[in-house]
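# Summary of the model geometry
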Amino acid sequence: MKSRFQYVTLIVLIAAMIFSFIPLSPAHAEPNLDPPDPTGKQMKMLAATLDNPGFDNGNWYWDGYVPGADASFVPSHWTIWYKDGTIPLYTRVTTKKVDGKEAVRGHAYWNGAEGLQAGLYQVIDGVTPCLNYRFRMYGQAMPVEDHDVLYGMRVGVHPTGYAPSNKAIDNADFNQIVWGDALTNACLNTWCLNSVTAEAQASKITVFMYAHMNARTGHDMIWDAGSFEQVDRTENLIDASQPLPDESSVIQGHDRQVDEETNTAAISWNTGSTNTYGQLLYREEGGGAWQYSGIQPWGTSHQVNLTGLQVGITYEYVLVSYGHIGGTCKAVVSREYDFSIATPLTGVSITGDEDPQHTGYIGQDYTFTAQATPSDATTPIDFEWTATGQTKQTNQRETLEDSITFSWDTPGHKTIQVNASNVANTVQATYAIEIIGDEYEPDDECSQANEIVIDAPPQAHTFHNANDVDWVSFDASADTAYLIEALTPPGSDADVSLYVYDSCASGNPLASRTYTYTPDARLPFTATRDGNFYLFLHQDPSTSGDDMAYDLSVRTLPQQAAPGAVVLVAGKLEDDDPLQSNIYHAADAAYQTFKNHGYDDEQIFYLSTDASNPDVNDPNPTYIGLQNAITWWAKSKLTAPNTPFTLYMVGHGGDGVFYLNGSEDQVSPSDLNSWLTQLENET
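Scope of this entry: the structure provided in the associated data block. (Residues numbered from 1 in each chain as written. Predicted model: local features only at pLDDT ≥ 70, side-chain atom pairs only at ≥ 80, totals over all residues. Heavy atoms only, no water.)

## Quick notes on the overall build of the protein chain
The helix and strand tally for the protein chain stands at 4 helices and 46 strands. Against the 2.2 N^0.38 benchmark of 26 Å for 683 residues, the protein chain shows a C-alpha radius of gyration of 45 Å, more extended than a compact globule. Each principal axis of the C-alpha distribution contributes one length, and for the protein chain these read about 135 × 75 × 40 Å. Per-residue burial over the protein chain gives 49% buried out of 683 residues. (Helix = DSSP H or I, 4+ residues; strand = E, 2+ residues; numbered from the N terminus. Rg over C-alpha atoms; globule rule 2.2 N^0.38 Å. Buried < 20%, exposed > 50% of the residue type's maximum accessible area, 1.4 Å probe, protein only.)

Below is the structure:
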């Protein structure tokens, strides 16, 4: 029979995780028989493993893939292959081995000029794309006659896990396999170690054993003691002699720490959730060939330490990462960075243009100047300014000096801080100024009262010391209702008392507000005539503090709407509560406010534990009592369209609760929401 095959070779294929490989320098035959540990006990621990590497598990199977010929006896996990156009491979078990119990032996199915190019393969799942893997296998050719020729034994790796569908591999697929060096004389009648290292480009790979021999049934080959391991990458991640690619967003978290004392730099970055190798390209500023750092281990975080740097030299560098990015193994780079071993800063000082006592006034601008040292410190310098109540601001200067202007609308002790930084280090200085008064001073006498415009934005006032008082006037219209408010902003220590006078000569105030439970003052006032009225404000002398600011406004109250219904609650947490009288006082004040605005007793339902108060409707507030007041009593009062309803509650609260009468009788926001929704839907 004339065969259409021309030659046969032997190859072993091992499957791994789907990865692609790039050829690396293959190892040559080793001089002794010290087979590597196929289980990886002395190698990196792998998720991907080579099954039955030494053909010693005792499991073989028959493969009658050549019609009309004896079936081959094949070790488990391995599959025969041959190059298309050559004579197929016949295999069987043999006890001629490197170690273990058995090895695999093979030769051409028949004699022929086509030759033998064939072997075994195995697909290995679970490899990591872009990592390097090494496959090794001992081989031996056993020529009998003088014209028996070994053209070469070698092993290979397909980087994406290719496996032939019918055992025959054509030239195109054959050339996609990364092959190790072909060994000849080293394998004649003696064991030679065949090796190949390649890069996975998918999550599986295929390992091949390959023998190229003349096709004669008496000319045997033997394979044994295979191994598979992941190995470190040694070649640079990128060819820096070629133009670098555009910067990639994969590289992030860049950080650089330069130590001027040791002339070293630690440069780090990460690649988010993407595992990569890392490497640094660096050189002196101005061009020249890039230098390569060592390759950083596979992972998401990398750091390169540069040593032996020279003072006064600026270095530029690029971060490089190599991994499975965008579906392929490739290198990505950062933008170009630079740094220098600079002259560090030794100090910085601050001066201000306020008075010699470091005292300033509210609303005034003050300029502060920072001066860095020494005179030969490396620039640029970043001046980062922070100050009490001000937004952080950073200015970069090519000189040693920077200035900034601040003003404050509240009195008190203000701290200014500057951090001066160059590429070498950071130094810091602080400065203090005392801000007093406000823009309406002097206003300590009624005759000095400044006018406040009705319905205008609030005026910012301060009590710049414990004895400071303020006088303010406003132009009112007869029979018009106004709301006068003195509200303390966040951080203020003011506790305001407010009085309204008919004139500077008046002896007694027309109205006043001096709450003991809040620092604010709110006073409804109806003018009895046209003309100026005078407001007198002072700090509660029993309250101390530094920032005593308040915002003063006078607003016209709108015409009163028709009264609706009010549910008023004065809660209680426990007996002997020192704040309980304040709670009663606040609730009574609210009650009186509604009475002053046209509400009668029939339109106010008052729940309070103050049984001595004749205005209280329910002296034992309970959950059910409040529910009925909202969903039943209020509903009966809201019979006319657009009638307002007010729920006013004052007392103690806890985590998501309001205490009605002791810690056991409480109500939650969800309860109130449910009852108010019911009231809204039914009225």
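## Notes on the pattern of salt bridges
One pass over the full model with this rule turns up 18 salt bridges. Measuring nitrogen to oxygen at the nearest pair gives 3.9 Å for the salt bridge that ties glutamate 235 to arginine 233. The exposure class assigned to arginine 233 is buried, which follows from its relative accessible area of 9%. Through salt bridges with shared partners, a single ionic network connects Arg92, Arg105 and Asp220. (Salt bridge = Lys/Arg side-chain N within 4 Å of Asp/Glu carboxyl O.)

## A word on the side chain of threonine 378
Among the structural elements, threonine 378 can be located in the loop between strand S26 (366–373) and strand S27 (381–387). The contact partners of threonine 378, leaving out residues within four places of it in the chain, are Ala342, Thr343, Asn422 and Val423. (Contact = heavy atoms within 4.5 Å.)

## Quick notes on the side chain of glutamate 316
Inspection of the secondary structure assignment puts glutamate 316 in strand S21 (residues 314–325). Judged by its relative accessible area of 8%, glutamate 316 is buried. Every residue in contact with glutamate 316, bar those within four places of it in the chain, is listed here: Leu281, Tyr282, Arg283, Glu284, Glu285, Gly286, Gly287, Trp290, Glu336, Tyr337 and Asp338.

## Concerning the layout of surface pockets
Taken as a whole, the second largest pocket holds about 160 Å³ of empty space. The wall of the second largest pocket is formed by Arg256, Val258, Phe339, Pro380, Asp382, Gln396, Ser421, Asn422 and Val423. Its residues placed into classes, the lining of the second largest pocket shows 4 nonpolar, 3 polar and 2 charged. (1 Å grid on protein atoms, 1.4 Å probe; cavity = no way out; pocket = protein on both sides within 12 Å on 5 of 7 lines; lining within 4 Å. Points joined across faces, edges and corners; volume = space filled by probe spheres on them. Nonpolar A, V, L, I, M, F, W, Y, C, P; charged D, E, K, R; others polar.)

## So, helix H2 (residues 580–596)
In this model H2 runs 24 Å from its N-terminal to its C-terminal C-alpha over 17 residues, within 8% of the 24 Å that 1.5 Å per residue would give. Contacts made by the buried residues of H2 are with strand S41 (565–570), strand S42 (604–608) and strand S43 (645–650). Looking one or two residues beyond H2, the residue adopting positive phi is glycine 598, at roughly 95°. (Expected span 1.5 Å × (residues − 1).)

## Focus: the state of the cysteines
Applying the stated rule across the entire model yields 3 disulfides. Across a sulfur-sulfur distance of 2.1 Å, cysteine 130 and cysteine 329 are joined as a disulfide pair. With the S-S bond torsion at -100°, the cross-link from cysteine 130 to cysteine 329 turns out left-handed. In this pair, cysteine 130 is assigned in the loop between strand S7 (112–125) and strand S8 (132–142) and cysteine 329 in strand S22 (residues 328–333), connecting sequence segments 199 residues apart. You can call cysteine 329 buried: its relative accessible area is 15%. Linked covalently through their sulfurs, cysteine 446 and cysteine 504 form a disulfide whose S-S length is 1.9 Å. The S-S bond linking cysteine 446 to cysteine 504 shows a torsion near -80°; that makes this disulfide left-handed. A residue pair is termed long-range when its members are at least 10 positions apart, and cysteine 446 in the loop between strand S31 (426–436) and strand S32 (450–451) and cysteine 504 in the loop between strand S36 (496–501) and strand S37 (511–513) qualify at 58 residues. A residue is classified by how much of its surface remains accessible, and cysteine 504, at 41% relative accessible area, is partly exposed. (Disulfide = S-S within 2.5 Å.)

## Re the pairing of S26
A one-sided burial pattern is seen for S26, the buried positions being Tyr366, Phe368, Ala370 and Ala372 and the unburied ones Thr367, Thr369, Gln371 and Thr373. Looking at chain direction, strand S24 (residues 347–352) and S26 are connected through 6 bridges and run antiparallel. Along S26, the bridge assignment pairs glycine 352 with phenylalanine 368. Note: S26 against strand S29 (residues 401–406), 6 bridges, orientation antiparallel. Among the inter-strand pairings, phenylalanine 368 is bridged to a residue of S29, identified as isoleucine 404. (Pairing = 2+ DSSP bridges.)

## Here we look at the packing of aromatic side chains
All chains considered together, the criterion is met by 37 aromatic pairs. Between tyrosine 317 and phenylalanine 339 the ring centres are 5.8 Å apart and the planes differ by 65°, which places this aromatic pair in the edge-to-face class. In this pair, tyrosine 317 is assigned in strand S21 and phenylalanine 339 in strand S23 (residues 337–340), connecting sequence segments 22 residues apart. Residue tyrosine 317 is classed as buried on the basis of its relative accessible area, which comes to 0%. The buried category is assigned to phenylalanine 339, whose relative accessible area is 2%. Relative to phenylalanine 536, the ring of tryptophan 471 has its centre 4.8 Å away and its plane inclined at 40°; by these criteria the two rings are tilted. Of this pair, tryptophan 471 sits in strand S34 (residues 469–476) while phenylalanine 536 sits in strand S39 (residues 531–539), and the two are 65 residues apart along the sequence. Owing to a relative accessible area of 17%, phenylalanine 536 belongs among the buried residues under this scheme. Aromatic ring contacts, followed pair by pair, group Trp81, Tyr121, Phe174, Trp179, Phe208 and Tyr210 into a single cluster. Above the plane of the ring of tyrosine 322 lies arginine 233, whose end atom (NZ or CZ) is 4.3 Å from the centre. The cationic tip of arginine 529 hangs over the ring face of phenylalanine 533; the distance from NZ or CZ to the ring centre is 4.2 Å. (Phe/Tyr/Trp six-rings, centres within 6.5 Å; stacked < 30°, edge-to-face > 60°. Lys NZ or Arg CZ within 6 Å of the ring centre and 35° of its normal.)

## Side note on the sheet that holds strand S46 (residues 666–667)
What the 3 strands build is an open sheet, ordered S44-S45-S46; its pairing is antiparallel. On the outer flanks of this sheet lie strand S44 (653–654) and S46, each paired with one strand and no other.

## A short note on the environment of aspartate 475
Counting through the fold element by element, aspartate 475 comes out in strand S34. Looking at aspartate 475, the relative accessible area reads 42%, which means it is partly exposed. Distance from aspartate 475 to arginine 134, taken between C-alpha atoms, is 94 Å for residues 341 residues apart in sequence. Setting aside residues no more than four positions away along its own chain, aspartate 475 makes contact with Glu451, Ile454, Gly531 and Asn532.

## Quick look at unusual backbone geometry
Threonine 373 connects to proline 374 through a cis peptide bond whose omega is 5°. With respect to the helices, strands and loops of the structure, proline 374 is situated in the loop between S26 and S27. A positive phi angle, near 60°, is found at phenylalanine 55, a position not held by glycine. Residue classification places phenylalanine 55 among the buried residues on the basis of a relative accessible area of 0%. In this model, lysine 167 sits at a positive phi of 80°, which is unusual for a non-glycine residue. As for its placement among the helices and strands, lysine 167 is situated in the loop between strand S9 (150–158) and strand S10 (168–169).

## Re the sheet that holds S8
Overall, antiparallel pairing links the 5 strands, which are arranged S5-S6-S14-S8-S12 in an open sheet. The open sheet has two free edges, formed respectively by strand S5 (89–94) and strand S12 (192–199), since each of these has just one partner strand. Put simply, the sheet's adjacent strands are angled 30° from each other on average, direction ignored. (Axes fitted to C-alpha atoms, helices over the stretch in contact; angles between N-to-C directions.)

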